[in-house]
Amino acid sequence: MTKETTRLIEMLKLIKSRTGKDADTSWSSYDDPQEIRDELDEYISKLTAGNEEVLDTLNLLFAPTSTFQELSIANNWSDEYLAMAEEFDKLFEKLKKKN
């Protein structure tokens with residue numbers, strides 16, 4: 001596993017930790033926080049297994065005004081998210097070049 005993939009998994013785990021059972025999901029496409037957490041677990045499992053096909057999906061989720069940003073705004077961690085999104089863009093570029 002590359003260091004970029006490892007870091008991406010850490011970021012997804014951080015988003016999961018910020019999405020507790022009381023998280024506001026009203027501006028996302030998810031019905032409840034558990035749905036997001038379950039999906040994050042799927043992405044983490046796939047990346048851990050070396051399946052980087054989820055990168056394009058994650059790129060959409062990290063896009064401006066997309067799911068993760070809306071979630072962060074609704075739950076008061078948008079500054080942290082913006083730093084993560086910037087880092088994600090760099091990781092995504094490196095990982096896509098390798099594939």
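Calculation criteria
Residues numbered from 1 in each chain as written. Predicted model: local features only at pLDDT ≥ 70, side-chain atom pairs only at ≥ 80, totals over all residues. Heavy atoms only, no water. Salt bridge = Lys/Arg side-chain N within 4 Å of Asp/Glu carboxyl O. Helix = DSSP H or I, 4+ residues; strand = E, 2+ residues; numbered from the N terminus. Buried < 20%, exposed > 50% of the residue type's maximum accessible area, 1.4 Å probe, protein only. Axes fitted to C-alpha atoms, helices over the stretch in contact; angles between N-to-C directions. Parallel < 35°, antiparallel > 145°, perpendicular 65-115°, else oblique. Left-handed = near helix turned anticlockwise from the far one by under 90°. Contact = heavy atoms within 4.5 Å. Nonpolar A, V, L, I, M, F, W, Y, C, P; charged D, E, K, R; others polar.

Undergrad: Describe the pattern of salt bridges, listing the residues and the values that go with them.
TA: Enumeration according to the criterion identifies seven salt bridges in this entry. Across the salt bridge formed by arginine 18 and glutamate 80, the nearest N and O atoms sit 2.4 Å from each other. With arginine 18 in helix H1 (residues 3–18) and glutamate 80 in helix H5 (residues 78–98), the pair connects residues that are 62 residues apart, well separated along the chain. On the basis of relative accessible area, arginine 18 is assigned to the partly exposed category, the value being 36%. Classification of glutamate 80 as partly exposed rests on a relative accessible area of 28%. The closest approach of N and O atoms between lysine 90 and glutamate 86, which form a salt bridge, is 3.8 Å. Residue lysine 90 and its partner glutamate 86 are both found in helix H5; the two are separated by four residues, about one turn of the helix. In this structure, a network of salt bridges that share partners links the residues Arg7, Glu10 and Glu87.

Undergrad: Tell me about the packing of helix H3 (residues 55–62) against H5, residues and numbers included.
TA: Contact geometry for H3 and H5: axes closest at 10 Å, N-to-C directions at 155 degrees. The angle between the axes of H3 and H5 places the two elements in the roughly antiparallel class. In this structure, the crossing between H3 and H5 has a hand that is left-handed. Across from Leu55, Asp56, Leu58, Asn59, Leu61 and Phe62 in H3, the residues of H5 making contact are Tyr81, Met84, Ala85, Phe88, Phe92, Leu95 and Lys96. Looking at the contact of H3 with H5 residue by residue, the class counts come to ten nonpolar, one polar and two charged.

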